[in-house]
Amino acid sequence: MTFLFLLFKPLLLMAVRKVFKKQMKTFAVEMLEEYAKTTDNDVDDQLVARVKKAMRLGAV
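So, here's what we can say about the structure. (Residues numbered from 1 in each chain as written. Predicted model: local features only at pLDDT ≥ 70, side-chain atom pairs only at ≥ 80, totals over all residues. Heavy atoms only, no water.)

**Considerations on the overall build of the protein**
Move 1: Assigned secondary structure in the protein consists of 3 helices and 0 strands.
Move 2: Listing the helices and strands of the protein from first to last along the sequence gives α-α-α.
Move 3: A globule of 60 residues ought to have a C-alpha radius of gyration of about 10 Å, yet the protein, at 17 Å, is considerably larger.
Move 4: Expressed as lengths along the three principal axes of its C-alpha atoms, the size of the protein is roughly 50 × 25 × 15 Å.
Move 5: With 60 residues in all, the protein has 10% of them scored as buried.
Move 6: Summed over all atoms, the accessible surface of the protein reaches about 5600 Å², with 67% contributed by carbon and sulfur.
Move 7: Looking at charge distribution, the protein has the averaged site of its 11 positive side-chain charges lying 18 Å from that of its 7 negative ones. (Helix = DSSP H or I, 4+ residues; strand = E, 2+ residues; numbered from the N terminus. Rg over C-alpha atoms; globule rule 2.2 N^0.38 Å. Buried < 20%, exposed > 50% of the residue type's maximum accessible area, 1.4 Å probe, protein only. Areas by Shrake-Rupley, 256 points an atom, 1.4 Å probe, with all protein chains shown as cover. Lys, Arg positive; Asp, Glu negative; His and termini not counted. Charge placed at Lys NZ, Arg CZ, Asp CG, Glu CD.)

**Topic: helix 3 (residues 43-55)**
Move 1: With 13 residues, helix 3 ought to run about 18 Å at 1.5 Å a step, and its terminal C-alpha atoms sit 18 Å apart, in line with that.
Move 2: Immediately downstream of helix 3, the backbone of Arg 56 shows phi near 50 degrees, a positive value. (Expected span 1.5 Å × (residues − 1).)

**Section: helix 2 (residues 21-38)**
Move 1: With 18 residues, helix 2 should reach 26 Å at 1.5 Å per residue; the first-to-last C-alpha distance of 27 Å fits that figure.
Move 2: Every buried residue of helix 2 is accounted for by Thr 26, Val 29 and Ala 36. For helix 2, the angular spread of buried residues about the axis comes to 85 degrees, placing them on one side. More than 90 degrees from the buried face of helix 2, the exposed residues found are Phe 27, Tyr 35 and Thr 38.
Move 3: Packed against the buried residues of helix 2 are helix 3. (Arc of directions from axis to C-beta. Contact = heavy atoms within 4.5 Å.)

So this is what it looks like as structure tokens:
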């Protein structure tokens, strides 16, 4: 049983990453935006904007 798990685990993770890639990016950016709202400096706001631009999310 362990051998089968070790054999199929990488395949399952690759499939999940490929299918949910956009959702994972959106979730990460939303979490960064929520964190940036809790702080009072502008550096993290600029960082969130750069990350969002680098991920090329577009209209979600």
